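Chain by chain, the residues run as shown.
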Amino acid sequence: MEKLGVEVETKKPKVKEVGLQELPGTHENIVLRFAPNPSGPLHIGHSRAAVPNAEYVKRHNGKLILRIEDTDPKRVFEPAYQMIPEDLKWLGIEPDEVIYQSDRFETYYDYARQLIENGAAYMCTCDGGDFKELKDNCKACPCRDNSVEENLELWEKFDTMQAGEAVLRVKTDINHKNPAIRDWVAMRLVDETHPRLGNKYRIYPMMNFSVAVDDHLMGLTHVLRGKDHLANTEKQKYLYDHMGWDVPEYIHYGRLKMEDIALSTSKAKEGIENGTYSGWDDPRLGTLRAIARRGISPKTIYDLIIEIGVKMADSAISWKKIYGLNRNFLEPIANRYFFCENPVKVSVENYSEGKMDIERPLHADHPDRGNRHLAFDGEAYLAQSDIADGIFRLMDAVNVEIDGENIVYHSTSFEDAREVKARIIQWVPVEENVNVKIVMDDASVKTGLGEKALNDLEVGDIVQFERVGFARLDEIKDDEMIFYFAHK
RNA sequence: GCUCCGGUGGUGUAGUCCGGCCAAUCAUUUCGGCCUUUCGAGCCGAAGACUCGGGUUCGAAUCCCGGCCGGAGCACCA
């Protein structure tokens, strides 16, 4: 008995984690960072990195750094400097500090020099191909044996060399079983004009170098990154080792595959430039701003990413899942309205009930929100796709029988409609209505009429068009309202 | 090819480290029913999974070995 008791006690309590696993290592004064390359606005894939960082910081009252990794001028898209913080804000993420790597070149140079002085890095003037040949065969290149003095001399002259003529390499293990790890490049020459630096510098740090220096200097306790950085983590550990720094806790998460939108930032940019897409918020794109425009709640994305967590296995997220979650947010807030696509004006023969003022609640579950009013006096617009032979109930109004071109009054009560199992369809009054366009998720447009109560809406409001789906009001024009379709 | 990493319902997850409380959690999805009124919302209900084969063990989703499948990296990109 006693033995059993001891065994049970040594076991860690199994705490049910909600979504994110507990952070390894310290939970005191944690410092995390989100470090995107400013090549465009944030994509849904970026939220995979941003959200867990922000969530851990929130849970442990830590510090979140937004670090803009703009050390490759070819991959900097200037507007992204503004777009990234905007997109983070939409997600509900406010970094405690924003840092631009392009401000820190002098720092990188200091550490590069230190590394050379320690004999941990060397200037390599080999041809790239030749170096690879040697490296792949576990052979050091001739430059590796140069003295510290020779290296320092080359380092001083680095700035005057031709791009490609030399690089600074960090010594690792030339026999490392993974060739990718062997003596990686820390600094190279770049002649491109940098959007923030102009042509002030020619010596640019490689990502592995600037990231490791910054992660250390900024006191990162944990580094969350995709598993595509696994080899980089190992490379960077050599640098920590050379410098005698403590390594942070590394957490690698798997790839996030998103169905339908395999669109990379560069492809999206190209499509925008050639007119294929209307902009970064084109509904076909997977950018956060496109998703926002369609009425997807940031909370949906945030929660979904938390649910996916930071495990190493890849995951594929589907629109169905996003829509399903988002529906839970939208259902209680979105008021209901009628919309008829490709409206057809119909007159109900033999209708003699006179003018009806029909009231329908803005939301069936929230009567306190009030009612909309729809007038019916024997005529209405119906959606073309709803017109077919049979008995139909114009929702809350009358029941009609359609037979080819003829539309004849059948009855008025809902009970009569039920009795004949009439399908219930929505309609729009002929006197008072508004022109509505709905931009669908494939950028096609549904054109039709909506009820006049839509006039009370403001841009940004999300509604549910009954039997059509949820949509966000994007723009109010003089003679029409433009919605973006979210989902059913 | 080489190096490394994964594999729980259609999808996303919990459980795996420390084997039994797991005939496996929750969400989404699909299907069915309900609803004085969304054939598309809502409500209720149901369906559906441990990659395979060996081994260890009284007992394996969980530990070991092997196969299969999938992914990533192999840049003077990040």
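Here, every reference points to the structure presented above.
Residues numbered from 1 in each chain as written. Chains lettered and ligands numbered in written order. Predicted model: local features only at pLDDT ≥ 70, side-chain atom pairs only at ≥ 80, totals over all residues. Heavy atoms only, no water.

Engineer: Explain the protein's contact with RNA strand B to me, please; I cannot follow it from the model alone.
Structural biologist: Close to RNA strand B lie 55 residues; Arg-75, Arg-336, Gln-464, Arg-467 and Lys-488 are nearest. Atoms of RNA strand B within 4 Å of the protein belong to the sugar or the phosphate in 64% of instances, the rest to bases. Note that a phosphate oxygen of RNA strand B is positioned 2.9 Å from one of the side-chain N or O atoms of Thr-71. Secondary structure elements with two or more residues in the surface near RNA strand B: β6 (185–189), α8 (230–243), α11 (298–308), β11 (315–317), α12 (319–333), α13 (414–419) and β21 (423–425). (Near = heavy atom within 4 Å. Polar contact = N/O pair within 3.5 Å; in protein donor to acceptor, adjacent residues only side chain to side chain. Helix = DSSP H or I, 4+ residues; strand = E, 2+ residues; numbered from the N terminus.)

Engineer: Any chance you could explain the packing of aromatic side chains here in plain terms?
Structural biologist: Applying the stated criterion across every chain yields a total of 18 aromatic pairs. Centre to centre, the rings of Phe-77 and Trp-280 are 5.6 Å apart; their planes meet at 55 degrees, and the pair counts as tilted. Here Phe-77 is found in the loop between β2 (63–68) and α3 (80–90), whereas its partner Trp-280 is found in the loop between α9 (265–273) and α10 (288–293), with 203 residues between them in sequence. The burial state of Phe-77 is the same as that of Trp-280; both residues are buried. Pairwise contacts between aromatic rings join Phe-105, Tyr-108, Tyr-109, Trp-155, Phe-158, Tyr-201 and Tyr-204 into one cluster. It is Arg-196 that lies over the ring of Tyr-81; its NZ or CZ is 5.7 Å from the centre. Cation over ring: Arg-294 sits above Trp-319, and NZ or CZ is 5.0 Å from the ring centre. (Phe/Tyr/Trp six-rings, centres within 6.5 Å; stacked < 30°, edge-to-face > 60°. Buried < 20%, exposed > 50% of the residue type's maximum accessible area, 1.4 Å probe, protein only. Lys NZ or Arg CZ within 6 Å of the ring centre and 35° of its normal.)

Engineer: Sorry, what's going on with the pairing of strand β20 (residues 406–411) here?
Structural biologist: Note on strand geometry: in a regular strand, side chains alternate between the two faces of the sheet. In this structure, strand β19 (residues 399–403) lies alongside β20, joined through five bridges in antiparallel fashion. If you follow Asp-403 over to β20, its bridge partner there is Asn-406. The loop that links β19 with its antiparallel partner β20 comprises two residues; one of these, Gly-404, has a positive phi angle of about 65 degrees. (Pairing = 2+ DSSP bridges.)

Engineer: When you look at the packing of helix α2 (residues 44–60) against α11 in this model, what are you seeing that I'm missing?
Structural biologist: Relative orientation and spacing of two packed helices are given, respectively, by the angle between their axes and the distance between those axes. Running from N to C, α2 and α11 cross one another at 80 degrees; their axes reach a closest spacing of 9 Å. Relative to α11, α2 is oriented roughly perpendicular. Contacts between α2 and α11 involve Ile-44, Ser-47, Arg-48, Val-51, Pro-52, Ala-54, Glu-55, Lys-58 and Arg-59 from the first element and Ile-301, Tyr-302, Ile-305, Ile-306 and Ile-308 from the second. Broken down by class, the residue content of the contact of α2 with α11 amounts to nine nonpolar, one polar and four charged. (Axes fitted to C-alpha atoms, helices over the stretch in contact; angles between N-to-C directions. Parallel < 35°, antiparallel > 145°, perpendicular 65-115°, else oblique. Contact = heavy atoms within 4.5 Å. Nonpolar A, V, L, I, M, F, W, Y, C, P; charged D, E, K, R; others polar.)

So yeah, pure geometry; function would need other evidence.
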